[in-house]
Amino acid sequence: MRVTSASLPRCGALWTLLMLGALFIPDQAARAEVVTPVEDVSGFLRNPAMGWVLYLEDSSSGWPDPTLYWNQQDPNRHKASILYLRVPWSRMEPTEGNYVWNSDANYKQLIQMTRDRGLKLAFRIIVDSQDCSSQATPQFVFDAGAQGYPSGNPAFKTPYVTDPVFRTKFQNFVQAFALQYDNPAVVDFIDAQGLGWWGEMHHLDYLGPVQSQEVFQWLVNLYASRFKKVVLGGQYGPNSFDYAVQEWALNEKGYVIRRDSYGSPIYLPQLDKNKLKSHFPSVPIFAENCYQGLGHWLESCDRMTSPWSDVMHRVFNDAMETHANTLDLRGPYDASYWMTHYPGLVQDFAVRGGYRFVLTQASFPGSIVSGGEYTVSHTWKNTGVGKLPNDLPNWSYKYKLAFALLDQTSGQPVYTLVDPAEPADWLGGQLYSYSTAMSFVGVPAGTYDFAVAILNRDNAARPELKLAITNPTSPDGWYKLGTTVVTGSSAGYAVQTGAAAFTTESTGNGAIQVVADGNDTSIWASTPQVGLPQVVELHWGGRTVSTNGVSLSTSYGQGQGITHVDVEYFDGRRWKPILKDQHLSWATNGSAIETQELPFGVYVSTKSLRLKIHGANLFWGVYALSEFKVWGRLSANVAPVQNIAPNAVASTTATTQPAFGSVQTLIDDVDGTTWSSLAGVTFPQYITLDFGHQTFRTQKLTLATHYGMGQGITLLDVEYWNSGRWNTAATGVALTWNSNTSTVEYRDIPLPDISGSKLRLKVRQANLQWGSFSANDLRLWGSGSLSGRTNVAKYAVASTTFASDYPIYNVNDQDDGSPWASTADASFPGYLVLDFGTRQVTTGRITLVTHYGQGQGPTQVDVQSYVSGLGWVDLHNASLTWNSNTEALESRHLEFSGVTTSRLRLKVNSSNRQWGNTTLDEWKVSGWVQ
């Protein structure tokens, strides 16, 4: 790629320096412009995955006349964002392979008129005929041999949900349905369940024994495997399926919660609302009120007679309390009732439901010299009660906050910067402030509009989300903040080296570092029979690279070239795609080097960049890469190195002396805590720091110990995990200690520039005056894609052998206020299990939370992990003492040598039993899941 200022607007041609503001001193001569945009407090903003919802439901044997429908709904649509079609499968596929979107003129006109009005679609497909005006499942399914039973109208059949013919036909429909509607430009969400009465996942019938979990997972996997871009949701609450499997859909498949019965004190009691709130902000909530036929039909949801004013306010208040993103106006009659009798509530939800982003202040350079370094500061708030679901897997952070310099004539951006701020983090009641450094290298001299927008990565990086500010906008939707005058000229340069490389895949040829050595003729290749996906990462340590594109080079591309890839950058907390599902086609299968360019269309600034490889040509069983080129500009400034060891989970092969606590004390960055092996230790022993899915770059570690002459390590090797294997960083490192007192000594161990996901010390010798070796702290100095440990218990399904008065799913619902409790007559020992399914959790610490601990808290527990071939293995035995017998929550942290496992178990051997029961409010697991 050749870099010229004349080619500025073209992706992949200009590469600028974009640096985090904390690292650089801005140009002191720059004129800072400070703006405070005027907030739009009442205007209607139609944004994705939020707002009022209009309904079209099954009410007759065919599709309504589109003109008649919209004549009725047009007075109500101006505050709505979505049209929700809740219809029988037979309406969508009346005969096999005859899909309504291809063949029914009425339907096609209805959809077009919806789109013409600026609304998106949502769907629930129903298969149960209960209360349907026609048979919900098409007759061709039964003609093919599916077994069914009467439901609702005795003339209508409903299939057994385990019937194989039904499943085959429904899978065919969902496949075609996704091909047509997995398009977020048209569809807002798919209500991706639909079994049982009214599609609400209750009153299901099975062929043979009840198989509720298998049925639920079959249905969720069916939709999730076909819909990859549109938000998926499911009915959540008391129905035919345990909460545990419902939460599997939320946590593992990225479903949002769709919950009905809003406003009903019977069907949405406070306990249910508390459970909904426990998932916020991780899981957005799409709400539906309990009432229809407004003004007439009340008793079905109330079992009482209430003033309709009370009912409507209860619906609204429930939506506010549970952070709802959407709420229903429903069909023409109900929507008109809302608009006519309660316009104030309609307006209130329009401006408070979901998310509503306000830029409260911004500071940017009013004049710059091209190539100079400047800081943009900005502060945001969300005045809505919900959240932008940007972190759902089907969106995968597609919305990007960005700043741009706009050509004042065309309104088009000549320079666009993606800011690391994440709008999914913005919740109501808080201010979010950021400072981001920019270098406008290559921008031609001139006067530009400085603008802000939230872009859609998957829609050519165009502005898409509307902001609640009154600033003038460009034709494409950029909000103008002021003007910036650029003087001088500059050019970027190509950066191909300076990064440390890492890969999750074992190496078959060459070292992974050759992909960043600037030499196209050096080749790295995976091992044969490689499993995908795999990752190749580049880390610039304390320096920042700014880029708007990468290129991949290889030889024999048709035989071993990468063919399907995402490009992701690390924003300081998480990996986020800047390009997704890029498909590469190689033209040659010879020794000549071929290069594929992947332009981003915008600039990103990062210290780490990676390829996530989903597909490759595997003619020889391997894929190969000669160069992973990141064209851009590398900052001259280097951030101070930090101790990154606390981001890891520690483990050791040496048995720990119980009096000195867990090996986790080695990475707590506290000199006063000590870890020690048992006496009688033999060598070698290993101490491992596992960073899970994170990657580090380092050139030094430090070992701290006291009484070093008596118990300090004296000879060790240092190894790191990269390319699917342990590699040697240093060998035969000899350490001498000068003291045998409580004074802590430090020994620095220099390392080559290495990158990995694990680091370990191979301890070969130590002073053994007391028969054991010891250390106070292990510090690893460096940087990387490090986000620390989090509570990952939510990803598990909880179960227990105890008979329970309060449900076991409360122990990992992320709500300290919802307890699990055994019955008063439960016997010991009893077990609590967290099952992570196909995921692996890496952890060395759990936390138990309870209230009234002196009356009902566990007092003696064993922490266990499941090891294939061995069964349950003890990690830690603990006696617990609780200080309170009140509702105040207490926590107890239990640390142990780190493990990677799919299941954890808590064996409760005894507890305080003032009332006979054992109680835990929360079981937290600190670590990562992969």
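Cut-offs and rules
- Residues numbered from 1 in each chain as written.
- Predicted model: local features only at pLDDT ≥ 70, side-chain atom pairs only at ≥ 80, totals over all residues.
- Heavy atoms only, no water.
- Helix = DSSP H or I, 4+ residues; strand = E, 2+ residues; numbered from the N terminus.
- Buried < 20%, exposed > 50% of the residue type's maximum accessible area, 1.4 Å probe, protein only.
- Polar contact = N/O pair within 3.5 Å; in protein donor to acceptor, adjacent residues only side chain to side chain.
- Patch = residues over 30% accessible without salt bridge, like charges linked within 9 Å, V, L, I, M, F, W, Y side chains within 5 Å.
- Areas by Shrake-Rupley, 256 points an atom, 1.4 Å probe, with all protein chains shown as cover.
- Salt bridge = Lys/Arg side-chain N within 4 Å of Asp/Glu carboxyl O.
- Pairing = 2+ DSSP bridges.
- Axes fitted to C-alpha atoms, helices over the stretch in contact; angles between N-to-C directions.
- Phe/Tyr/Trp six-rings, centres within 6.5 Å; stacked < 30°, edge-to-face > 60°.
- Lys NZ or Arg CZ within 6 Å of the ring centre and 35° of its normal.
- UniProt positions renumbered as here; feature names shortened; annotations may be inferred.
- Parallel < 35°, antiparallel > 145°, perpendicular 65-115°, else oblique.
- Left-handed = near helix turned anticlockwise from the far one by under 90°.
- Contact = heavy atoms within 4.5 Å.
- Nonpolar A, V, L, I, M, F, W, Y, C, P; charged D, E, K, R; others polar.
- Arc of directions from axis to C-beta.

A.B. asks: I would appreciate a short explanation of the side chain of Asn 325 in the present structure.
C.D. replies: Position of Asn 325 relative to the elements: it lies in strand 11 (residues 324–330). Judged by relative accessible area, which is 0%, Asn 325 ranks as buried. Of the polar contacts made by the side chain of Asn 325, one reaches the backbone oxygen of Ala 49; its length is 2.9 Å.

A.B. asks: Hey, could you run me through a nonpolar patch on the surface in this one?
C.D. replies: Taken together, Tyr 556, Phe 619 and Trp 620 make up a surface patch of nonpolar side chains, about 360 Å² in accessible area. One can find Trp 620 in the loop between strand 28 (608–616) and strand 29 (624–625).

A.B. asks: Help me understand the sheet that holds strand 46 (residues 830–835), please; the structure alone is not making it clear to me.
C.D. replies: Within a sheet, neighbouring strands are paired by backbone hydrogen bonds and run either parallel or antiparallel to one another. One open sheet accounts for five strands, arranged 43-46-51-48-49; its pairing is antiparallel. Every other strand in the sheet has two partners, leaving strand 43 (797–800) and strand 49 (871–879) as the edge strands with one partner each. Between one strand and the next, the sheet's axes are offset by a mean angle of 20°, whatever the strand orientation. Summarising the sheet, strand 46 and strand 51 (residues 903–911) pair through six bridges and their orientation is antiparallel. Each residue of the ladder has a partner; that of Tyr 831, found in strand 51, is Lys 907.

A.B. asks: Any chance you could explain the sheet that holds strand 52 (residues 919–920) here in plain terms?
C.D. replies: Strand order in the open sheet formed by three strands is 44-45-52, with antiparallel pairing between adjacent strands. Looking along the sheet, the strands with just one partner apiece sit at the ends: strand 44 (804–806) and strand 52. As paired elements, strand 44 and strand 45 (residues 820–822) share two bridges and run antiparallel to each other. Bridge pairing in strand 45 places Ser 804 opposite Ser 822.

A.B. asks: Please explain the packing of aromatic side chains as it appears in this structure.
C.D. replies: Geometry of an aromatic ring pair is reported as the spacing of the ring centres plus the angle between the planes. Under the definition given, this model contains 55 aromatic pairs. Note on Tyr 337 and Tyr 342: the rings are 6.1 Å apart at their centroids and 45° apart in plane angle, and the pair reads as tilted. Taking the relative accessible area as the measure of exposure, Tyr 342 reaches 14% and is therefore buried. The ring of Trp 726 has Arg 760 lying over it, and the distance from NZ or CZ to the ring centre is 4.2 Å. Lying across the ring of Tyr 866, Arg 903 places its NZ or CZ 3.9 Å from the centre.

A.B. asks: Where do I start with the UniProt feature "domain: F5/8 type C" (unreviewed entry) in the chain in this structure?
C.D. replies: UniProt tags residues 625–783 as "domain: F5/8 type C" (unreviewed entry). Between the C-alpha atoms that bound residues 625–783 the distance is 25 Å, and the span itself is 3% helix and 53% strand.

A.B. asks: How should I be thinking about the packing of helix 1 (residues 66–73) against helix 12 (residues 332–341) in this particular structure?
C.D. replies: The packing of two helices is summarised by the inter-axis angle and the distance between the axes. Across the interface, helix 1 lies against helix 12 with an axial gap of 9 Å and an inter-helix angle of 20°. With respect to each other, helix 1 and helix 12 are oriented roughly parallel. As for how helix 1 packs across helix 12, the hand of that crossing is right-handed. Between helix 1 and helix 12, the contacting residues are Tyr 69, Gln 72 and Gln 73 on the first element and Pro 332, Ala 335 and Ser 336 on the second. When its residues are assigned to classes, the contact of helix 1 with helix 12 shows three nonpolar, three polar and no charged.

A.B. asks: Looking at this model, I keep getting lost on the environment of Glu 719. Mind explaining?
C.D. replies: With respect to the helices and strands, the residue Glu 719 is situated in strand 36 (residues 713–722). Each C-alpha atom, one on Glu 719 and one on Val 908, is 38 Å from the other, the two residues being 189 residues apart in sequence. Excluding residues that lie within four positions of it along the chain, Glu 719 makes contacts with Tyr 686, Trp 726, Asn 727, Thr 728, Ala 729, Lys 758, Leu 759, Arg 760 and Lys 762. Looking at Glu 719, its side chain comes within polar contact range of the side chain of Arg 760, at 2.5 Å.

A.B. asks: Explain helix 1 to me, please; I cannot follow it from the model alone.
C.D. replies: One turn of an α-helix holds 3.6 residues; hence residues three or four places apart share an orientation. Those residues of helix 1 lying buried are Pro 66, Tyr 69, Trp 70 and Gln 73. With its buried residues spanning 90° around the axis, helix 1 presents them on a single face. Where the residues of helix 1 are buried, they touch strand 2 (51–57), strand 3 (80–88), helix 4 (105–116), strand 11 and helix 12. The opening residue of helix 1, the one whose side-chain oxygen lies 3.1 Å from the backbone nitrogen of Thr 67, is Asp 65.

A.B. asks: Explain unusual backbone geometry here, please?
C.D. replies: Excluding glycine, most residues fall at negative phi; most peptide bonds, likewise, are trans. Leu 532 connects to Pro 533 through a cis peptide bond whose omega is 10°. Secondary-structure assignment places Pro 533 in the loop between strand 22 (524–526) and strand 23 (534–539). Cis peptide bonds are those with omega within 30 degrees of zero, and the linkage from Phe 828 to Pro 829 qualifies with -5°. Mapped onto the secondary structure, Pro 829 falls in the loop between strand 45 and strand 46. The residue Asp 669 is not glycine, and still its phi comes out positive at about 60°. Along the chain, the position of Asp 669 falls in the loop between strand 32 (649–652) and strand 33 (675–676). Taking the relative accessible area as the measure of exposure, Asp 669 reaches 40% and is therefore partly exposed.

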